[in-house]
Every structure is written in structure tokens, then in C-alpha cells.
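One-letter residues, chain by chain:
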Amino acid sequence: MNMLEVIALHAADAERAEEGGADRIELLGSVDEGGLSPEPALVDKVRRATSIQVRPMVRLRPGFGTDGGEAVRLKGLISSYLDAGADGVVLGFLNGHTGIDVEVVTELLDSGEWPWTFHRAVDHCLDQDAAWQTLLTLPRLDAVLTAGSVRGVEHGLDDLIDRARTHTAAARLIMAGGGLEAEHVPWLVRAGVRAFHIGSPARPGGSWKAYVDAGLVRTWRSLVDDTIAHERNRTA
């Protein structure tokens, strides 16, 4: 399935993303520090404004670490999001060795059957191969938001392409995002990537002060779908 996910900060963003053809919203309360959690009331507003999938960010502070006390709070936040109509969540935590914090993540996943996204914390892992081996064992994970590099897709493109080409299971999970540009899409599609994530490219002038623009989203929708269709025809 082709996937286009758009970052939303408001209900108006979600409405316009859906109008432009987005499949899913990543809902943030703030773009600070790479994205922080929204209030449950915002999830409710967005759910009422759109029929497409909504996944709020589960992250309350800078960095990718947490502790037992905060984990309890995060579990409560997830429950509130689901009660407000979220289809799943976006989360990801690392341990002190910059590896996937399996203990915390599995604790947060303990209840329910909802799908979820592991966010760009993966790009900060010291051992990428080990991180991906771990991710592939986690239950209900259906997307990994990654740029292939902490510096964005421009610098991580080769790594993303290599991982997608050599690991079919990883290719099915990769959602490319973080400085994604239109010129990257054909290379990623050819490698097997079918999911893409945009934030500022969906806004006029790339400004976070502007609302999502349906026309810009529609341009990306066409780019993704047309590129994937062309690749299928090429390999048929």
C-alpha cells in the first residue's frame, strides 16, 4: 500500500491534508525538539475534523530517553489518545547505549491491539543493524519513520536505499521522512520503499507558521502514486 503521512499541528492541518489526499496524520503538539506530544483534547478535535488515520506523538521531553515514572505517565497519555479516537501512536525510546529501549517500548505496548510507528529515534542509534534487528521483533509495528541519518534524508539516502534493497522486511516498514525532497522519491521507490512522510514541504514556503496546504499535499500524493505506478510497470 502506498502511504503518504503529513504532520499536523491543528485540526485545520488535518482537514487540508485529507483534502490533498494524505493517508495519515502524525499529530504533534509542537515541532520543538523534533516533535512533542499534543494534548488529548487536540486529538479529539482532529478526529472530529478528519476521517483519515491519526497517530499522535508520544514524547514529552527532548531526547529519546525516559524512566519508569514517566513511562506510567506515557501509558496514561496513550490511553487518552486512543479514547479520543487515535488509530495508533508514534513513539520510540533509546537506552543508555543508544540502542532501542525494548523494556520501555514493550511496557508502553503492553495493552491493546493498535498499530504504531517507531519515530526517528532510530536514526540516533549507534548500531543501525542491531537496531533494525530489534525493531523487526516488536509487536504491531507497521512503520519506522527514518531519514537514514540524523542529518536528514539528503545525508541518509544511500543507507536507506541499501537497507530497503537488502532487507525486504525493513523495506516494508521504512517510512522515509526528515528533510525528504521530491528528487529522493524515485530512488527510494526503486529500492522498495512505499511510505513517505512530509512536514514543512506540505506548507507554503516550508514555514511551520503556515497551515498545511491541500495543493502541496496533492502534488506529493501524485508524485508518490505516479512514481510507484511507473516502477510497477517498469518491472512487470
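Our subject is the structure that appears above.
A few points on the structure. Counting from 1, residues in each chain are numbered in the order their sequence is written. Since the coordinates come from a predicted model, pLDDT governs what is reported: local features require at least 70, and pairs of side-chain atoms require 80 or more to be given and counted, while whole-chain, interface and lining totals use all residues. Values reported for side chains reflect all heavy atoms of the structure, with hydrogen atoms and water molecules removed beforehand.

Quick notes on the nonpolar core
The tendency in soluble globular proteins is for nonpolar side chains to be buried side by side. The test is simple: Among buried residues, those of type Ala, Val, Leu, Ile, Met, Phe, Trp, Tyr and Cys that are joined through side-chain atoms within 4.5 Å constitute a nonpolar core. Whether a residue is buried, partly exposed or exposed follows from its accessible area with a 1.4 Å probe, protein chains only, as a fraction of its type maximum: under 20%, in between, or over 50%, in that order. The helix and strand labels rest on DSSP assignments: H or I over at least four residues marks a helix, E over at least two residues marks a strand, and numbering proceeds from the N terminus. Any two residues having at least one pair of non-hydrogen atoms within 4.5 Å are treated as being in contact.
Within the largest apolar cluster, 67 residues are counted, with the highest numbers of intra-cluster contacts made by V6, L91, W116, F118, L135, L188 and F196. For this core, the element with the highest residue contribution is helix α6 (residues 153–166), accounting for five residues. Ignoring sequence-local partners within four residues, the contact set of L188 consists of L157, L160, I161, A176, L180, V193 and F196.

A word on unusual backbone geometry
The phi angle at E33 is positive, at roughly 55 degrees, despite the residue not being glycine. Mapping E33 onto the fold places it in the loop between β2 (24–27) and α2 (40–49). Its identity as a non-glycine residue notwithstanding, T98 has a phi of 55 degrees, on the positive side. Relative to the helices and strands, T98 is located in the loop between β4 (89–91) and α4 (102–108).

Overview of the side chain of D123
We apply this condition: Side-chain atoms alone can form a polar contact between residues adjacent in sequence; in general such a contact is a pair of N or O atoms within 3.5 Å, and within protein one must be able to donate a hydrogen while the other accepts it.
Among the structural elements, D123 can be located in the loop between β5 (116–118) and α5 (128–135). Since its relative accessible area comes to 7%, D123 is described here as buried. A polar contact is formed between the side chain of D123 and the side chain of T146, at a distance of 2.5 Å. Of note is the side chain of D123, whose polar atom sits 3.3 Å from the backbone nitrogen of G148. The contacts of D123, once residues within four sequence positions are left out, are Q128, T146, A147, G148, S149 and V150.

As for helix α9 (residues 214–235)
Spelled out, the test is: A helix's residues, less one, multiplied by 1.5 Å, set its expected span. Directions from the helix axis toward the C-beta atoms define the arc.
The terminal C-alpha atoms of α9 lie 32 Å apart, and with 22 residues this matches the ideal 32 Å at 1.5 Å per residue to within 8%. Those residues of α9 that sit buried are A214, V217, W220, R221, V224, T227, I228 and E231. Down the axis, α9 shows its buried residues gathered within 165 degrees of arc, on one side only. For α9, exposure combined with an orientation more than 90 degrees from the buried face picks out T219, D226, H230 and N233. The inward-facing, buried residues of α9 abut β1 (3–8), α1 (11–19), α8 (185–191) and β8 (195–198). Two or three places before G215, at the start of α9, stands the capping residue D213, its side-chain oxygen 2.9 Å from that residue's backbone nitrogen.

A look at α2
Turning to α2, its buried residues number three or more, namely L42, V43, V46 and R47. Around the axis of α2, the buried residues are gathered within 140 degrees of arc, so they sit on the same side. Those residues of α2 that are exposed and angled more than 90 degrees off the buried face are K45 and R48.

A word on the sheet that holds β5
Stated formally: Between any two strands, pairing holds if DSSP finds at least two bridges. Between N-to-C directions, angles span 0 to 180 degrees; the directions come from axes that are lines fitted to C-alpha atoms, helices contributing only their stretch in contact.
What the eight strands build is an open sheet, ordered β3-β2-β1-β8-β7-β6-β5-β4; its pairing is parallel. Where the open sheet ends on each side, the last strands, each with one partner, are β3 (53–56) and β4. Each strand axis lies, on average, 30 degrees off the axis of its neighbour in the sheet, ignoring direction. For β4 and β5, the ladder comprises three bridges, and the chain directions are parallel.

Section: the side chain of S30
Note on placement: S30 falls in the loop between β2 and α2. A polar atom in the side chain of S30 sits 3.0 Å from the backbone nitrogen of D32. When residues no more than four places from it in sequence are discounted, the contact partners of S30 are G35 and L36.

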